[in-house]
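Residue-level structural notes
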Amino acid sequence: MAQIRISGGVPLEGEVRISGAKNAVLPILVASLLGDEPSQVSNVPHLQDVTTTMELLGRMGAQLAVDERMQIEIDPREMRDFEAPYELVKTMRASILVLGPLVARFGRAIVSLPGGCAIGSRPVNLHLHGLRQLGAEVSVENGNIIARADRLKGARIVFDTVTVTGTENIMMAACLARGTSVIENAAQEPEVVDLAGFLNSMGARIEGAGTNTLVIEGVERLGGTKYSVLPDRIETGTYLVAGAMTSGRVRVTRARPRDLDAVIDKLAETGAVMTTGEDWIEIDMRGRRPKSVDITTAPYPAFPTDMQAQFTALNTIAEGTGIVTETVFENRFMHVQELQRLGADIRLKGNSAIVRGVAQLTGAPIMATDLRASAGLVLAGLVARGQTVVDRVYHIDRGYEIIEEKLGQLGARIRRVSGKQAA
Ligand code: EPU
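Now for a description of the structure that goes with this document. Residue positions are given per chain, counted from 1 along the sequence in the order it is written. Local features in this predicted model are restricted to residues whose pLDDT is 70 or higher, and side-chain atom pairs enter the listing and the counts only when it is 80 or higher, whereas totals over whole chains, interfaces and linings include all residues. Working from all heavy atoms in the structure, the side-chain values ignore hydrogens and water.

Some points on the sheet that holds strand 6 (residues 83–84)
Pairing between two strands is assigned when DSSP locates at least 2 bridges connecting them. By definition, any uninterrupted DSSP run of H or I lasting at least four residues is a helix, any uninterrupted run of E lasting at least two residues is a strand, and each is numbered from the N terminus. Strand order in the open sheet formed by four strands is 6-7-9-8, with mixed pairing between adjacent strands. Edge positions in the sheet fall to strand 6 and strand 8 (137–141), since each has one partner strand and no second. As judged from the five bridges shared by strand 8 and strand 9 (residues 144–148), these two strands associate in the antiparallel manner. Considered in strand 9, the bridge of Glu137 is made with Arg148. Throughout, a residue-residue contact means that at least one pair of heavy atoms, one from each residue, lies within 4.5 Å. For helices, the fitted axis covers only the stretch in contact; all axes are lines through C-alpha atoms, and the angles between them, taken along N-to-C directions, range from 0 to 180 degrees. Sitting on the sheet, helix 4 (residues 99–106) is in contact with strand 7 (108–112) and strand 9, with an inclination near 160° to strand 7.

Following this line, the structure appears as structure tokens:
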């Protein structure tokens, strides 16, 4: 299995270019199934989850073409199979996103029910509830969600918890329903807004994206479109934290600063000088050690759970004590034990981690447990004295494009060692 090896201690310096957003491109690729013409999606990041999504769509009969710039063309006209099998769903929970589009467009879907996950139980009850409200017949048999409908009917759906992919699934389905749908307590994440932009460019009529109420007027058909995916705000935030932790100066380019207000505010609280332009953000620690910060995760526009592990890592070497409270997922502290192996002083209490900053971490072999946890571990490795070896890096490859190259460009001493060499 591949590993990432880091020799910590170099203040990062320079510029890094941000890729397209993983959590926008996955629903966008899936949404192209709703059209009766091909669509082209650009600014697609080269990620394992994108490959998995393409495999899923390809198995269903969609024709896919990728050019050298990772622009993907999806032609759904030959779709013939409406199933997402367990072997793919278990590697990528976002496969659940095919449920709404398949039922809306083809009247049927079989999607393996995602099981538990490293960060929490992550049920999909709200996805199923929303689809039933739209008139689909939904059952769970032999580990599969089976959904059928003639034509979906517009409905008012009130989510009792804010759910990102739940909102996306129901929003996609409602586009082809007869009549108007209203989704209340909808997720307001920038990725939901990007998906709505994509759907509207296919001919959908969605209003209110970016607020907690979506109004979707169903249309008879959707066509194809050309669309460029928004920049990844979590990747952006991760490189900024890398700058903060290493007392460096990092500029991220091709980013969208307005999607990161909560993260930028917290970085400023660490003592960083933050400067933003139209599509760039610069963090400058002026060589100082960051001060610890308290964070509480919550749905957008509050502080994102997908940046929690990175800020936990930051607090491990910051001046003072920071309290990190996770309110979105019940088990998203798997990185804590690994950070402790590097010498971090962290105490878990309920859904909070109390992190007392230490002057120095020391390198050790550690293991990635999920995508964002592994980003936190890599960041810790950048400041740990000696060598840190992060194992199970396939978690990182699901969501960070060439992370070792990008960090390398900023001066980090980091390299990937392939499975054979690592063994
Ligand atoms: N929830 C339910 N029932 C449901 C759906 C969700 O109770 O039917 C609960 C979840 O258990 C959780 C909360 O609602 O406690 C929020 O979960 P949400 O549904 O919003 O999460 P998700 O849609 O499964 C997406 C991202 C995650 C990100 C979360 C929260 C994608 C593909 N995934 O997941 O991204 O952490 O929203 O912002 O968009 C990542 O990129 O590493 C990642 C995990």
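As for helix 10 (residues 308–316)
Each residue gets one of three labels from its accessible area relative to the maximum for its type: buried under 20%, exposed over 50%, partly exposed in between, using a 1.4 Å probe on protein chains only. The element helix 10 is extensively covered by neighbouring structure, given that nine of its nine residues are classed as buried. When we look at burial in helix 10, the residues that qualify are Gln308, Ala309, Gln310, Phe311, Thr312, Ala313, Leu314, Asn315 and Thr316.

Section: the nonpolar core
To define a nonpolar core, start from buried Ala, Val, Leu, Ile, Met, Phe, Trp, Tyr and Cys residues and group those joined through side-chain atoms within 4.5 Å. Counting residues in hydrophobic clusters, the biggest one holds 78 residues, and the most contacted among them are Val50, Met171 and Leu199. A total of seven residues in this core trace back to one element, the largest contributor, which is helix 1 (residues 22–31). Sequence-distant contacts of Val50, defined by excluding residues within four places in its chain, comprise Val25, Leu26, Leu29, Val44, Pro45, Met70 and Ile72. Val252, Leu342, Ala384 and Ala412 belong to the second largest nonpolar core, which has 64 residues in total.

Looking at the environment of Lys153
Topologically, Lys153 is positioned in the loop between strand 9 and strand 10 (156–158). Classification of Lys153 as partly exposed rests on a relative accessible area of 48%. Beyond its immediate chain neighbours, meaning those up to four positions away, Lys153 contacts Gln133, Leu134, Ala177 and Arg178.

A word on the side chain of Asn315
If you trace the backbone, Asn315 turns up in helix 10. Taking the relative accessible area as the measure of exposure, Asn315 reaches 0% and is therefore buried. Once residues within four sequence positions are removed from consideration, Asn315 is found in contact with Ser292, Val293, Gly322, Val324, Val355, Arg356 and Gly357.

Honestly, it's all geometry; don't read function into it.
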